[in-house]
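Structural description and commentary
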Amino acid sequence: MVNKSTTNGVSDPNLENKRTKVTLTNSGVENARGTYYSGAYTSVGYDNSFNLNRFKENFKINILSESANELVFEMIGIDAPIANALRRIMISEIPTMAIEKVYIINNTSILQDEVLAHRLGMIPIKVDPRKFNFKLPNKEYTAEDTLIFQLKVKCEKDSVTGKIINETALSKHLIWVPTQDQEEMFPNEEDRPRPMEDDIPIMKLRPGQVIDIQCYCEKNIGREHIKWSPVCTASYRLQPVISVDKSIKGDKANQLLEKCPKKVFDIEDSGQVVAARPLDCTMCRECIRDPEFEQNVKIERVRDHFIFSIESTGALKSREIFQEAIKIFIEKCNIVEESINKLVN
Amino acid sequence: MNAPDRFELFVLPDGAKKVTMVRDTKIPNASMFTILKEDHTIGNLIRMQLIADQDIIFAGYRMPHPLEHNVNIRIQTNNNTNPLECVQKSMECLSREFTSLENSFIEQVQKKRNVADQYI
């Protein structure tokens, strides 16, 4: 695994740069692949094999910003497969609750039953999925594995004002119907199951049109259908490193500043250009498009420095999603480990 | 309906073994491991962890078919060890690595909370 050694890596600066950074040029990305092979740098006296203590020493997490539904943090000292595994688990392997079965009692709107059912399935439900079990196939619904919502909306014209009532069926019209002892599961009003947002339009109605539907929510994972994914987006990018040659000053410096659409560069009092906001860089490479700047501006990304962005749909907090992803992965490891131990014995 | 049940992607069938190993008959110290109901998430990670081991000569993985969620991992080791031990060691390392990662994350969240509390 690629880790910085205690001797600050490979002695040859070019090789060290190749080992730790990805370079972007006009023609494309250079040196994109990481080298994980343990003996890759043996000839220059660097041990590239995995060492847990070294990993713990070099590994860092910094939380850059956090709100209820969004978390941005950086992970330093890990490899792409680890970051990618976490991203994949967050998207497709953390369970949530979503509408799976829709019993349509009455639908006189112009929207077809199956389209309506699909739209209902995509509405994020705000409820802690950890309180429920997975529903087994071909088994009856129980209070431990199912939530029931009722959607009963009738559009009509007010006889006095002539105003149309319930012109749009919204997610707030989905009313939770507690079964058995479910009310005891959610004693607090704010914990009660409900759609994440109240103003998601389900369909437009005209006077006289009615929808009467019962929705059954089940617990499942995003690998089965994206409606069960707890995240809107879970992505990562590598930390950008932009270095500008000292020779760029005066008019050239102003030209470079204007080239960048994200305003990454600033001019210091000395007249020299610096990358003041490297995190804003989208790697559009506009600054090196011009051949005269290509030699003077170097755009790189640090190979083991990941900036993660997790945006939750609302069922779980972003922080909880990340912690659940780690737990799920450890569980996966344990299952595989147990199976391997059985092979040994 | 002709469609297969969607849970077949991740639910292990009754009586099936999660991991099976087949020794290579032509190459010494080489084996093929098949992990059922897993995909690139774990395949790529195990491969990376394996090739960081000094005793590994070759480690690679593939998903034989994108609709069948099985992973084949092929390993060849030197004479100091055997593929089974290497996979065991790798899985152990990954577990520890992720536990360490989790602890660091929880620690950072606590720090962030404490800082926020100071300004309230």
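Since the model is a prediction, treat every value here as computed from it, not as a measurement.

This brings us to the interface of chain B and chain A. The partner chain A presents 54 residues to the 49 residues of chain B that form the contact. In total, chain B and chain A occlude about 4700 Å² of area from one another, counting both sides; carbon and sulfur atoms represent 69% of this. Between Asp39(B) and Arg88(A) there is a salt bridge; the shortest N-O distance is 3.0 Å. Linking chain B with chain A are 10 residue pairs in polar contact (both at pLDDT 80 or more), by the criterion used here. Within the residue set of the side of chain B that touches chain A, elements represented by two or more residues are β1 (19–23), β2 (30–36), α1 (40–51) and α2 (83–118) of chain B. Examining the composition of the side of chain B that touches chain A, we find that 22 residues originate from one element, α2(B), more than from any other. By residue class, the composition of the side of chain B that touches chain A is 23 nonpolar, 13 polar and 13 charged.

Further remarks concern a negative patch on the surface. The grouping of Glu144(A), Asp181(A), Glu183(A) and Glu184(A) at the surface amounts to a negative patch. As for its position among the elements, Asp181(A) is in the loop between β11 (174–177) and α5 (182–185).

Time to look at the domain arrangement of chain A. Residues and elements named next belong to chain A. Here chain A is partitioned into domain 1 (53–94 + 229–345) and domain 2 (96–223). The centre of domain 1, based on its C-alpha atoms, is set 38 Å off from the matching centre of domain 2. Facing 14 residues of domain 1, the contacting portion of domain 2 comprises 13 residues. With both sides pooled, the region where domain 1 packs onto domain 2 buries about 980 Å², and carbon together with sulfur makes up 53% of that total. It is Ser92, Ala315 and Leu316 in domain 1 that bury the most area against domain 2; as a group they hold 37% of the surface buried on that side. Where domain 1 packs against domain 2, one counts 3 salt bridges. Note that Glu93 and Arg223 form a salt bridge whose closest N and O atoms lie 2.9 Å from each other. Summed over the shared surface of domain 1 and domain 2, the number is 6 residue pairs in polar contact (both at pLDDT 80 or more). Residue assignment for the side of domain 1 that touches domain 2 shows that the elements contributing at least two residues are α3 (80–92) and α8 (318–344). When residues of the side of domain 1 that touches domain 2 are assigned to their parent elements, the largest contribution, 3 residues, is made by α8. Across the side of domain 1 that touches domain 2, the residue classes tally to 5 nonpolar, 5 polar and 4 charged.

Before going further, it helps to spend a moment on the nonpolar core. In summary, soluble globular proteins display a tendency toward joint burial of nonpolar side chains. Phe73(A), Met75(A), Leu86(A), Met90(A) and Phe322(A) are the most contacted members of the largest nonpolar core, which has 62 residues in total. Setting aside residues up to four positions removed in sequence, Met75(A) forms contacts with Phe59(A), Lys60(A), Ile61(A), Leu86(A), Asp304(A), His305(A), Phe306(A), Phe308(A), Phe322(A) and Leu101(B). Core analysis: the second largest hydrophobic core is formed by 24 residues, Met97(A), Leu120(A), Phe132(A) and Ile213(A) among them.

Counted under the stated rule, the structure contains 15 aromatic pairs over all chains. Ring pairs connect the aromatic residues Phe73(A), Tyr236(A), Phe306(A), Phe308(A), Phe322(A) and Phe105(B), which therefore count as one cluster. The side chain of Lys135(A) reaches across the aromatic face of Tyr141(A), ending 4.9 Å from its centre.

Strand order in this open sheet of 4 strands is β1-β2-β4-β3 (chain B), and the pairing throughout is antiparallel. The sheet is open, and its two borders are formed by β1 and β3 (56–62) of chain B, each paired with just one other strand. The average angle at which neighbouring strand axes cross in this sheet is 20°, direction not considered. Across the sheet, α8(A) touches β1 and β2 of chain B, and the angle it forms with β1(B) is around 45°. Against the sheet, α1(B) contacts β2, β3 and β4 (70–77) of chain B, and its axis sits at roughly 170° relative to β3(B).

The predicted model of chain B averages 86 in pLDDT, with 93% of residues at 70 or higher. Within chain B, the lowest mean pLDDT, 84, falls on α2(B), and the highest, 94, falls on β2(B).

Here we come to α3(A). Each α-helix winds once per 3.6 residues, and so residues spaced three or four apart point in a common direction. An ideal rise of 1.5 Å per residue puts 18 Å on 13 residues; α3(A) measures up with 18 Å between its terminal C-alpha atoms. Buried within α3(A) we find Pro81(A), Ile82(A), Ala83(A), Asn84(A), Ala85(A), Leu86(A), Ile89(A), Met90(A) and Ser92(A).

What follows deals with the pairing of strand β3 (residues 60–66) of chain A. All names here are of chain A. Summarising the sheet, β3 and strand β4 (residues 70–76) pair through 6 bridges and their orientation is antiparallel. Along β4, the bridge assignment pairs Lys60 with Ile76. Joining the antiparallel neighbours β3 and β4 is a turn of 3 residues.

A pair of packed helices is characterised by two quantities: the angle between their axes and the separation of those axes. One way to put it is that α3(A) packs onto α1(B) with a least axis distance of 9 Å and a crossing angle of 165°. Judged on the interaxial angle alone, α1(B) and α3(A) are roughly antiparallel. Considering the relative orientation of α3(A) and α1(B), their crossing is left-handed. Contacts between α3(A) and α1(B) involve Pro81(A), Ile82(A), Ala85(A), Arg88(A) and Ile89(A) on the former and, on the latter, His40(B), Thr41(B), Asn44(B), Leu45(B) and Met48(B). When the residues that make up the contact of α3(A) with α1(B) are grouped by side-chain class, the tally is 6 nonpolar, 3 polar and 1 charged.

Time to look at the pairing of strand β7 (residues 146–154) of chain A. Residues and elements named next belong to chain A. By the bridge criterion, 9 bridges tie β7 to strand β14 (residues 210–220) in an arrangement that is antiparallel. If you follow Lys154 over to β14, its bridge partner there is Val210. Of the pairings in the sheet, the one linking β7 to β11 comprises 4 bridges and is antiparallel in character. Bridging from a neighbouring strand, Leu151 pairs with Leu174 of β11.

Parameters at a glance
- Counting from 1, residues in each chain are numbered in the order their sequence is written.
- Note on labels: chains are lettered from A, ligands numbered from 1, in written order.
- Local features are withheld for residues below a pLDDT of 70 in this predicted model, meaning they are given only at 70 or higher, and side-chain atom pairs are given and counted only at 80 or more; totals for whole chains, interfaces and linings count all residues.
- Heavy atoms throughout the structure, all of them, feed into the side-chain values; hydrogens and water do not.
- Residue contacts follow a heavy-atom distance rule, with two residues in contact if any of their heavy atoms lie within 4.5 Å.
- For any pair of parts, buried area is found by adding up, for both, the accessible area (1.4 Å probe) each one loses once the two are put together.
- For this document, the term salt bridge refers to a Lys or Arg side-chain nitrogen within 4 Å of an Asp or Glu carboxyl oxygen.
- Counted as a polar contact is a pair of N or O atoms within 3.5 Å, where, for protein atoms, one must be capable of donating a hydrogen and the other of accepting one, and residues adjacent in sequence contribute only when both atoms are in side chains.
- A run of DSSP states H or I qualifies as a helix once it reaches four residues; a run of E qualifies as a strand once it reaches two. Both are numbered from the N-terminal end.
- Gly is put with the polar residues, along with every residue not named as nonpolar or charged; the nonpolar set is Ala, Val, Leu, Ile, Met, Phe, Trp, Tyr, Cys and Pro, and the charged set is Asp, Glu, Lys and Arg.
- Note on patches: the residues involved have over 30% relative accessible area and no salt bridge, like charges join within 9 Å, and the nonpolar side chains Val, Leu, Ile, Met, Phe, Trp and Tyr join within 5 Å.
- Areas reported here follow the Shrake-Rupley algorithm with a probe of radius 1.4 Å; residue values treat only the protein chains shown as occluding.
- His is not counted, nor are the chain ends; Lys and Arg add positive charge and Asp and Glu add negative charge.
- Charge placement uses NZ in Lys and CZ in Arg. For Asp and Glu, CG and CD serve respectively.
- A domain assignment, automatic or from a database, supplies the domain bounds used here.
- Here the nonpolar core consists of buried residues drawn from Ala, Val, Leu, Ile, Met, Phe, Trp, Tyr and Cys, with membership extended through side-chain atoms lying within 4.5 Å.
- Summary of the burial criterion: residues with accessible area below 20% of their type's maximum are buried, those above 50% are exposed, and those between are partly exposed, where the area comes from a 1.4 Å probe applied to protein chains only.
- Pairs were defined over the aromatic rings of Phe, Tyr and Trp, the Trp ring being its six-membered one, requiring ring centres within 6.5 Å. Orientation was assigned from the angle between planes: stacked under 30 degrees, edge-to-face over 60, tilted for the rest.
- Placement of a charge over a ring requires the Lys NZ or Arg CZ to be within 6 Å of the ring centre, with the centre-to-atom vector within 35 degrees of the ring normal.
- Whether two strands pair depends on DSSP finding at least two bridges between them.
- The convention used is that axes are lines fitted to C-alpha atoms, helices contributing only their stretch in contact, and that angles between N-to-C directions extend from 0 to 180 degrees.
- Looking at any residue, its pLDDT shows the predictor's confidence there, from 0 to 100.
- Helices are assigned an expected span. That span is 1.5 Å times one less than the residue count.
- Roughly parallel covers angles under 35 degrees, roughly antiparallel covers those over 145, roughly perpendicular covers 65 to 115, and oblique covers all other angles.
- A crossing counts as left-handed when the near helix is turned anticlockwise from the far one by less than a right angle, and as right-handed when that turn is clockwise.

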